[in-house]
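Next come the chains, spelled out residue by residue.
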Amino acid sequence: MSRYFFVITFILIAFNSFSQTYEELVNKSMDYLEAKEYEAAEETLKLAMRKEPGNEANILLLSNLGTIQRHLGKKEEALISYTSALSKYPNNTFALQNRAALFCEMDSLAAAMRDYNIILSYDEDNIEALYRRGLIYMSEKNYLAAEADFEQALDINPNYVPVQGSLAFAIKTRGDWEGAEEKYTDLIY
């Protein structure tokens, strides 16, 4: 049933794509996303990019396509989409964060660490990159580096609860029970 739905949807999309403009296809893909019809959204984005391969907006569409593919479990295809977007704009923080998160899902922590380091070289106050890099340091049992990232993130936003909890856990894991108790108390308040 699902296979037939996909084939029929693809045929309808292909038929309609001949008469639809680039913008109409992009809008249609967003409609499919809202309806949680991810396969249709994926195919519609691909059709839009084929219609105008030189359109500058395709960089954003490639990143969105990667996110859709991630959602569909197509991790290798998502990696290709994110990397394609970054080939044109290597300092695009949005695509770098998406690709780094995908690398984490794929257990490629060294590759994720490279992307987070690139992000932080452009924007040293990127809280999400600091937090995620700190989590990678935690997985490597590099607690002092993790604490440094978590503390830098808290300097930027002292109320970011996930970072507060991770910092307390890093301190506890390092064996500083008093410091951990203080951080957990702060977290509770």
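Predicted model only: the values in this text are computed from it and were never measured.

Scoring rules and cut-offs
- Residues numbered from 1 in each chain as written.
- Predicted model: local features only at pLDDT ≥ 70, side-chain atom pairs only at ≥ 80, totals over all residues.
- Heavy atoms only, no water.
- Helix = DSSP H or I, 4+ residues; strand = E, 2+ residues; numbered from the N terminus.
- Buried < 20%, exposed > 50% of the residue type's maximum accessible area, 1.4 Å probe, protein only.
- Contact = heavy atoms within 4.5 Å.
- Areas by Shrake-Rupley, 256 points an atom, 1.4 Å probe, with all protein chains shown as cover.
- Axes fitted to C-alpha atoms, helices over the stretch in contact; angles between N-to-C directions.
- Parallel < 35°, antiparallel > 145°, perpendicular 65-115°, else oblique.
- Left-handed = near helix turned anticlockwise from the far one by under 90°.
- Nonpolar A, V, L, I, M, F, W, Y, C, P; charged D, E, K, R; others polar.
- Core = buried A, V, L, I, M, F, W, Y, C linked by side-chain atoms within 4.5 Å.
- Phe/Tyr/Trp six-rings, centres within 6.5 Å; stacked < 30°, edge-to-face > 60°.
- Salt bridge = Lys/Arg side-chain N within 4 Å of Asp/Glu carboxyl O.
- Polar contact = N/O pair within 3.5 Å; in protein donor to acceptor, adjacent residues only side chain to side chain.

Asker: Give a detailed account of the overall build of the chain, specifying residues and quantitative values.
Answerer: When helices and strands are tallied, the chain shows eleven helices and zero strands. Its helices and strands in sequence order give the chain the pattern α-α-α-α-α-α-α-α-α-α-α, from N to C terminus. Per-residue burial for the chain yields a buried fraction of 39% across its 189 residues. Counted over contacts in the chain with a minimum sequence separation of 6, partners at least 24 positions apart contribute 45%. In the form shown here, the chain has an accessible surface area of approximately 10800 Å², with 55% of it arising from carbon and sulfur atoms.

Asker: So what's going on with the packing of helix H10 (residues 161–173) against helix H11 (residues 177–188)? Residues and values would help.
Answerer: Relative to each other, H10 and H11 sit at 165°, their axes nearing to 8 Å. On the basis of their axis angle, the class for H10 and H11 is roughly antiparallel. The handedness of the crossing between H10 and H11 comes out as left-handed. Between H10 and H11, the residues in contact are Val161, Gln164, Gly165, Leu167, Ala168, Phe169, Ile171 and Lys172 and Trp177, Gly179, Ala180, Lys183, Tyr184 and Leu187, respectively. Class assignment for the residues of the contact of H10 with H11 results in nine nonpolar, three polar and two charged.

Asker: Lay out the nonpolar core in plain terms, naming residues and giving numbers.
Answerer: Core analysis: the biggest nonpolar cluster contains 32 residues, and Ala112, Tyr116, Met138, Phe150 and Val163 have the highest contact counts within it. Among the elements of the structure, helix H5 (75–88), helix H6 (93–105), helix H7 (109–122), helix H8 (127–139), helix H9 (143–156) and H10 are those that each provide at least two residues to this core. Per-element tally for this core: the top contributor is H8, with seven residues. Excluding residues that lie within four positions of it along the chain, methionine 138 makes contacts with Tyr143, Ala146, Phe150, Phe169 and Ala170.

Asker: With reference to specific residues and values, describe the packing of aromatic side chains.
Answerer: Scanning the entire structure with this criterion turns up two aromatic pairs. Aromatic side chains tyrosine 131 and tyrosine 160 sit 6.0 Å apart centroid to centroid with 85° between the ring planes, which places their arrangement in the edge-to-face category. Taken together, the residues span a long stretch of sequence, with tyrosine 131 in helix H8 and tyrosine 160 in the loop between H9 and H10 at a distance of 29 residues. Taking relative accessible area as the criterion, tyrosine 131 reaches 13% and is therefore assigned buried. A network of ring pairs unites the aromatic residues Tyr131, Phe150 and Tyr160 as a single cluster.

Asker: Can you break down the pattern of salt bridges residue by residue, with the values?
Answerer: Scanning the entire structure with this criterion turns up nine salt bridges. A salt bridge links lysine 46 to glutamate 42; the nearest nitrogen and oxygen atoms lie 3.6 Å apart. Residue lysine 46 and its partner glutamate 42 are located together in helix H3 (residues 38–51), separated by four residues, close to a single helical turn. A salt bridge links lysine 46 to glutamate 43, with the shortest nitrogen-to-oxygen separation between them at 3.9 Å. Of this pair, lysine 46 and glutamate 43 both sit in helix H3, three residues apart, roughly one helical turn. Beyond isolated ion pairs, a larger network of salt bridges with shared partners links Glu42, Glu43, Lys46 and Lys74.

Asker: Account for the environment of arginine 133, naming residues and giving values.
Answerer: If you trace the backbone, arginine 133 turns up in helix H8. Along the chain, arginine 133 and leucine 109 lie 24 residues apart, while their C-alpha atoms are 9.4 Å from each other. Non-local contacts of arginine 133, meaning those with residues more than four positions away in its chain, are made with Met113, Tyr116, Asn117, Leu120 and Asp149. Here the side chain of arginine 133 touches asparagine 117 through a polar contact of 2.8 Å, side chain to side chain.

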